[in-house]
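Residue-level structure breakdown
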Amino acid sequence: MSDQLDPHEIERLRSLKPKERMQIPRQQMPEQAPDVRRANFREVPHGLPAMTAIVEANRCLACKKPACVEGCPVGIDIPGFVALIVQGDFEGAVRKVKETNMLPAICGRVCPQEAQCEALCVVGKRGDPVAIGRLERFVADWEREHGLVEPPPTGAPTGKSVGVVGSGPAGLTAAIDLRRLGHEVTIYEALHAPGGVLMYGIPEFRLPKSIVSAEVEVVQRMGVQIEYNYVIGQIETVDELLERHDAVFLGTGAGLPWFMNLPGENLNGVYSANEYLTRCNLMRAYEFPYSDTPIAASERVAVIGGGNVAMDVARTAARLGAKEVYLIYRRSEAEMPARIEEIHHAREEGIVFKLLHNPVRYIGDECGRVCQVECIRMELGEPDASGRRRPVPVEGSQFTIDVDTVVVAIGNGPNPLVPKTTAGLDVDARHGTVKTNLETMRTSKRGVFAGGDIAIGAATVILAMGHGRKAARSIDHFLRTGVWDVEKVE
Amino acid sequence: MNEILENTVIAESVNRYVIAAPKIAQRRKAGQFVIVRVDEHGERIPLTIADADPARGTITLVVQAVGKSTAQMATLKPGDSLRDVVGPLGAPTHIERRGTAVVIGGGIGIAPAHPIAQALKAAGNTVISILGARTQALLIMEEEMRRASDEVIVCTDDGTCGLQGFVTHALADLIAQRGKPDFVFAVGPVPMMKYVSLLTKEHGIPTMVSLNPIMVDGTGMCGGCRVTVGSEMKFACVDGPDFDGHLVDFDELIKRQAFYKEQEQLAYQQMQERCQAESLAQATPS
Ligand SMILES: Cc1cc2nc3c(=O)[nH]c(=O)nc-3n(C[C@H](O)[C@H](O)[C@H](O)COP(=O)(O)OP(=O)(O)OC[C@H]3O[C@@H](n4cnc5c(N)ncnc54)[C@H](O)[C@@H]3O)c2cc1C
Ligand SMILES: Cc1cc2nc3c(=O)[nH]c(=O)nc-3n(C[C@H](O)[C@H](O)[C@H](O)COP(=O)(O)OP(=O)(O)OC[C@H]3O[C@@H](n4cnc5c(N)ncnc54)[C@H](O)[C@@H]3O)c2cc1C
Ligand code: SF4
Ligand code: FES
């Protein structure tokens, strides 16, 4: 990636009139060609070269009332950091971002900007919005690649300590902010590696693991202890943590895979998305036998679902060598919850979309391996509770597709391990989430806070981070005042 | 990192490891297991906690070398460390006083049977243990099982030790001669657990088995360990590993365990070839 700056060009761009700015086309990130990337696990887009980032930043109109900021769940000062890019001050820009978002290299890559900041961007009303996500990614990468990442200063020691359960984005963010406020923090993580879904779920080609590791290193440099291989609810309970810590934050995510209860779901070759992705990402099955964990060798893979997880699985299956990958989704493309960029990338990589289809059963061969999926066609009926039109099966439209692997990617719920072993922690009976006041991130149990997917069900990285921040402030308030029953924390 | 304090060969291809894991040693209960990763590239392999010494801060694992990870583990020496040990995992075995309990361990399954026998005895049951092995050289932990039980019956397929025949024969004889026990617990190869369960079902004896499907995380996150019990899907790592033997779909489990056979063999073979090449290189002066 080119780092060269052209001072004359920077000046010329800065002198453009708003009308002229509006004429600059949205800048694209160079990326690996589809046929090339289908055969490797390296990241797909290469990131913007420095001058291209400056050109893109000049598309921003520096609105007085920036709509984009409203769309950002954590309220990053978007025009502020974009203006610094316009000046070529990348270090200033990344500082500005990090005032509100500690993990911009991650968010710049995985946030659904098209549904958040970019959806509201004024430039987008009449053309393509400013590529805020790409710019965020650019400044974060620039800082890391120039070795300029500095952990934020930690606050004067308060003598209080907090136990954080789970090292996903919610837990990591809470830990960072708690250290800034001077509290001691220990993170307890069930797996042998940090990052939660960032590490085991989202594939390397979308979020390189070296980036997650670099962010975690910052957290550790701030003095946060991480205990790996530490399953709360087994080795210790939350109540026992409260004997050692003044407060506990639960950031255990939504890691319980759902199945559809279809005949044949336990055949060999039928996976949950969690298992398929964990084998591949966390355990690096794509390097088997150099790494010890195997994964099914597949020619024809059916992926069930239409969200980000389904796209990640489909694209992973292609990279593992599958010749045909079908994505079976019961609604139409318009209802797909996946990010547009993912759908686009999946299509380019030759994933075959079977829309308005639903599996009804899996058929196995004599060794117990799945060899066919029986599907039924669907049509859209009246809108359901989610506001999307309800898919209804078309009688008698069943047919089969030959497959050797099926991955069920219809969603995850919260893991019940912690709720089940914690007396006094109220749980939403329907969703399995820990009941949490989203203003204060406090649960029904004194001293216990929660945030991220465990509090609201499977959502996004940025919401989990937002919760982590809010929780840190609320924990700080609790530790300073000892007051538990509050409606709001400022 | 968890240090290996002892590594002793106790039978052909079977090693006993004593591993520093103070916290797990305090917490574990009978029936629980750990997941081990030997090194940075290692697979996560589940192993039952065969014993623990909270005072010394150690757990004992008894492991049969059947493939790459377990064979690699066997090469480690005291002072070496395992990259990761996580546990205790799984639900502890439900222990209550029932009267006479028969604990059946087949092959390497004697290791997980050991803490169960101990706990059942401590709860006031009369414990009769039936130990099965292919041949005498493969029989493990007979002494420990004698200490944990009121009576031990040994059987080998080839008759080199104890009775000749399968553990099911020994159990059938026991029922015929002394009447029905109040409870049976069986752990070992899946076909063994299947036939024990068929037999006890006939006699209406409550029976628990400890299942060993392929696992990844061991916390309920992947669903790879799912088994069918009474036509319901269960995750063995959190809902088990113990289940009612009369309800388990053993045939499905046998198939699921074999899913990666070819890949596993390839990995094992490549490791053996690498080891041979290394020892050859060491033997030839350069
Ligand atoms: C495949 C996939 C792709 C996704 N893609 C996107 C995307 O592109 N953009 C986006 O914004 N979001 C995406 N998401 C959603 C996003 O990753 C999650 O919303 C986010 O990670 C939630 O963060 P969290 O911190 O709440 O939990 P998690 O990231 O789930 O982390 C929870 C952590 O807690 C640990 N833990 C659980 N139980 C215990 C316990 N008992 N003791 C100790 N530790 C425990 C877990 O091991 C884990 O490390 C995706 C999710 C998946 C699965
Ligand atoms: C709850 C539980 C407790 C167990 N306790 C013991 C024990 O106390 N002593 C002992 O010797 N063995 C035990 N096992 C079996 C042990 O985990 C496997 O033998 C080991 O994983 C094999 O790994 P490998 O690489 O050496 O062999 P591989 O060649 O990889 O596999 C050989 C066979 O082991 C099984 N296996 C492979 N990978 C896994 C995995 N990740 N999880 C579970 N099974 C796998 C498969 O059936 C496979 O065909 C237990 C298994 C479970 C699930
Ligand atoms: S809405 Fe768009 S143009 Fe306005 S400040 Fe935000 S990014 Fe810039
Ligand atoms: S091993 Fe992953 S859910 Fe049981």
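For the structure itself, consult the block above.
Residues numbered from 1 in each chain as written. Chains lettered and ligands numbered in written order. Predicted model: local features only at pLDDT ≥ 70, side-chain atom pairs only at ≥ 80, totals over all residues. Heavy atoms only, no water.

1. A word on the site of ligand 1
All names here are of chain A. Near ligand 1, the surroundings consist of 34 residues, among which Val-110, Ala-170, Glu-189, Arg-206 and Asp-453 are the closest. Note that an oxygen atom of ligand 1 is positioned 3.2 Å from one of the backbone N or O atoms of Pro-169. Between ligand 1 and Asp-453 there is a distance of 2.9 Å, counted from an oxygen atom to a backbone nitrogen or oxygen. For ligand 1, whose accessible area on its own is 1000 Å², the fraction buried by protein is 95%. Going through the elements one at a time, helix H11 (169-180), helix H16 (308-319) and helix H20 (461-481) are the ones with two or more residues in the shell around ligand 1. Of the residues forming the shell around ligand 1, the biggest block, 3 residues, is contributed by H16. (Near = heavy atom within 4 Å. Polar contact = N/O pair within 3.5 Å; in protein donor to acceptor, adjacent residues only side chain to side chain. Areas by Shrake-Rupley, 256 points an atom, 1.4 Å probe, with all protein chains shown as cover. Helix = DSSP H or I, 4+ residues; strand = E, 2+ residues; numbered from the N terminus.)

2. Focus on the interface of chain B and chain A
Counting residues at the interface gives 42 residues for chain B, matched by 44 residues for chain A. Summing both sides of the interface, chain B and chain A together bury roughly 3700 Å²; the carbon and sulfur share of this comes to 53%. Per-residue buried area on chain B facing chain A is highest for His-41, Met-221 and Phe-259 of chain B; these three make up 18% of the total on that side. Applying the counting criterion to the chain B and chain A interface returns 3 salt bridges. For Glu-240 of chain A, the salt bridge identified is with Arg-27 of chain B, shortest N-O distance 2.6 Å. There are 23 residue pairs in polar contact (both at pLDDT 80 or more) connecting chain B and chain A. Those elements that provide at least two residues to the side of chain B that touches chain A are helix H1 (22-27), helix H2 (68-74), strand E8 (84-89), strand E15 (226-229), strand E16 (232-235), helix H8 (250-257) and helix H9 (261-283) of chain B. Sort the elements by how many residues they give to the side of chain B that touches chain A and E8 of chain B lands first, with 6 residues. In terms of residue class, the side of chain B that touches chain A is built from 16 nonpolar, 14 polar and 12 charged. (Contact = heavy atoms within 4.5 Å. Buried area = accessible area lost by both parts, 1.4 Å probe. Salt bridge = Lys/Arg side-chain N within 4 Å of Asp/Glu carboxyl O. Nonpolar A, V, L, I, M, F, W, Y, C, P; charged D, E, K, R; others polar.)

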